[in-house]
Amino acid sequence: HGLLVADEVVSGLRGVFMATLGENDMILWDGCLRRIGQTQQIIAQMRAKQRDFIVVNFQITEEEVYKRLSWRKICSQCGKSFSVLDGTMEHCNACGGVLIRRNDDEDVEAIKSRISAFHEDTEPCITWLRNEGVLVDIDAMRDPQEIFQDLLRLIEK
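Computed from a prediction, not measured in an experiment: that's the story for all the values here. (Residues numbered from 1 in each chain as written. Predicted model: local features only at pLDDT ≥ 70, side-chain atom pairs only at ≥ 80, totals over all residues. Heavy atoms only, no water.)

Chemist: Account for the overall build of the chain, naming residues and giving values.
Modeler: Counting its regular elements, the chain contains six helices and five strands. Shown N-terminal to C-terminal, the secondary structure of the chain runs as helices and strands in the order α-α-β-α-β-β-β-α-α-β-α. Viewed in the frame of its principal axes, the chain has a C-alpha envelope of about 50 × 35 × 30 Å. Classification of the 157 residues of the chain by burial places 29% in the buried group. The long-range share in the chain, meaning contacts at least 24 apart out of those at least 6 apart in sequence, stands at 59%. Element-wise, carbon and sulfur atoms account for 53% of the exposed surface of the chain, whose accessible area totals about 10400 Å². For the chain, the distance from the average position of its 19 positive side-chain charges to the average position of its 26 negative side-chain charges is 2 Å. (Helix = DSSP H or I, 4+ residues; strand = E, 2+ residues; numbered from the N terminus. Buried < 20%, exposed > 50% of the residue type's maximum accessible area, 1.4 Å probe, protein only. Contact = heavy atoms within 4.5 Å. Areas by Shrake-Rupley, 256 points an atom, 1.4 Å probe, with all protein chains shown as cover. Lys, Arg positive; Asp, Glu negative; His and termini not counted. Charge placed at Lys NZ, Arg CZ, Asp CG, Glu CD.)

Chemist: Go over the sheet that holds strand β3 (residues 81–83) with me, naming the residues and quoting the values.
Modeler: Hydrogen bonds between backbone atoms are what pair the strands of a sheet, whose relative direction is either parallel or antiparallel. Taken together, the three strands give an open sheet; going across it, the order is β3-β2-β4, and neighbouring strands pair in antiparallel fashion. Two strands bound the open sheet, and with one partner strand each, they are β3 and β4 (99–100). Pairing of strand β2 (residues 72–75) with β4 involves two bridges; the strand directions are antiparallel. For C75, the partnering residue across the bridge sits in β4 and is L99. (Pairing = 2+ DSSP bridges.)

Chemist: Run through the nonpolar core, naming residues and quoting values.
Modeler: Counting residues in each nonpolar core, the largest one holds twelve residues, listed as M18, L21, C32, L33, I42, I43, M46, V55, I126, L129, V134 and L135. Secondary-structure elements contributing two or more residues to this core are α2 (36–48) and α5 (108–132). When residues in this core are grouped by element, the largest group, three residues, is from α2. In this structure V134 touches R47, F53, I54, V55 and L129, once residues within four positions along its chain are discounted. Membership of the second largest hydrophobic core comes to five residues, among which are C75, F82, V84 and L99. (Core = buried A, V, L, I, M, F, W, Y, C linked by side-chain atoms within 4.5 Å.)

Chemist: Quick rundown of the pattern of salt bridges? Include the residues and the values.
Modeler: Applying the stated criterion across every chain, the model contains 13 salt bridges. Where D105 meets R72, a salt bridge forms, and the shortest distance between an N and an O atom there is 2.7 Å. Residue D105 is found in helix α4 (residues 103–106), and its partner R72 is found in strand β2; the two are separated by 33 residues along the sequence. What makes D105 buried here is its relative accessible area of 3%. Here the salt bridges share partners, and the residues they tie into one network are R72, R102, D104, D105 and R114. (Salt bridge = Lys/Arg side-chain N within 4 Å of Asp/Glu carboxyl O.)

Chemist: Kindly report on the packing of aromatic side chains, identifying the contributing residues and their values.
Modeler: Counted under the stated rule, the structure contains one aromatic pair. Judged by centre distance (6.1 Å) and plane angle (65 degrees), the ring pair of F17 and W29 falls under edge-to-face. In this pair, F17 sits in helix α1 (residues 7–19) while W29 sits in the loop between α1 and α2, placing the two residues twelve residues apart along the sequence. A relative accessible area of 36% places F17 in the partly exposed class. (Phe/Tyr/Trp six-rings, centres within 6.5 Å; stacked < 30°, edge-to-face > 60°.)

Chemist: Any chance you could break down the pairing of β2 for me, citing the residues and the numbers?
Modeler: Note that β2 and β3 share three bridges and pair antiparallel. Across the sheet, the residue bridging to R72 is S83, located in β3.

Chemist: An account of the packing of α2 against α5 is needed here, citing residue identities and associated values.
Modeler: The geometry of a pair of packed helices is captured by two quantities: the angle between their axes and the separation between those axes. Viewed as axis vectors pointing N to C, α2 and α5 meet at an angle of 35 degrees, and their least axial separation amounts to 8 Å. Along its contact with α2, which presents I36, T39, Q40, I43 and R47, the element α5 presents D121, P124, C125, W128, L129 and E132. Among the residues forming the contact of α2 with α5, the class breakdown is six nonpolar, two polar and three charged. (Axes fitted to C-alpha atoms, helices over the stretch in contact; angles between N-to-C directions. Nonpolar A, V, L, I, M, F, W, Y, C, P; charged D, E, K, R; others polar.)

Chemist: Account for the side chain of R14, with residues named and values stated.
Modeler: Assignment of secondary structure puts R14 in helix α1. Judged by its relative accessible area of 5%, R14 is buried. Within the structure, the side chain of R14 is placed 2.9 Å from the side chain of Q45, a separation counted as a polar contact. (Polar contact = N/O pair within 3.5 Å; in protein donor to acceptor, adjacent residues only side chain to side chain.)

Chemist: Please give an account of the confidence of the model for the chain that cites residues and values.
Modeler: Summing up the model confidence of the chain, the mean pLDDT is 88 and the portion of residues at 70 or higher is 97%. Across the chain, the element-wise mean pLDDT spans from 81 in α1 up to 96 in strand β5 (residues 135–139). (pLDDT = per-residue confidence, 0-100.)

The structure is reproduced here in structure tokens:
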């Protein structure tokens with residue numbers, strides 16, 4: 001339905017995961033700072049462990065969100081995600097499984113709900129992170145390889 005996972009579930013899973021990390025292990029989390037409570041908890045955990053970190057905000061327009069979700073397909077066997085621009089790719093190039101669309105990617109109301117949740121829940125996180133000095137914005141309306149190179153430069157610092 002395009003809803004977010006409850007904060008308690010996210011926090012619990014993240015806490016278990018962080019307990020297994022070694023001092024030099026690098027972490028890349030995707031999409032986990034979606035509510036202010038989650039955001040403040042994870043930043044506190046990272047600081048308590050004296051871990052260096054940045055938070056990357058990939059910036060795209062709402063129109064681009066709809067377009068990219070219409071291109072996204074997922075392998076029914078291995079779960080690998082693909083961006084299928086021309087719609088002709090039907091099988092996973094990793095395992096040969098059939099590519100399918102997620103139900104919430106096809107449901108316009110679910111997408112609207114996700115965008116609404118972003119404005120309501122995530123934008124305050126972005127503001128808070130920017131004020132904390134840990135947020136880096138990346139223009140994600142560019143070529144994926146350019147975006148990837150920007151991300152690598154940030155990680156390598």
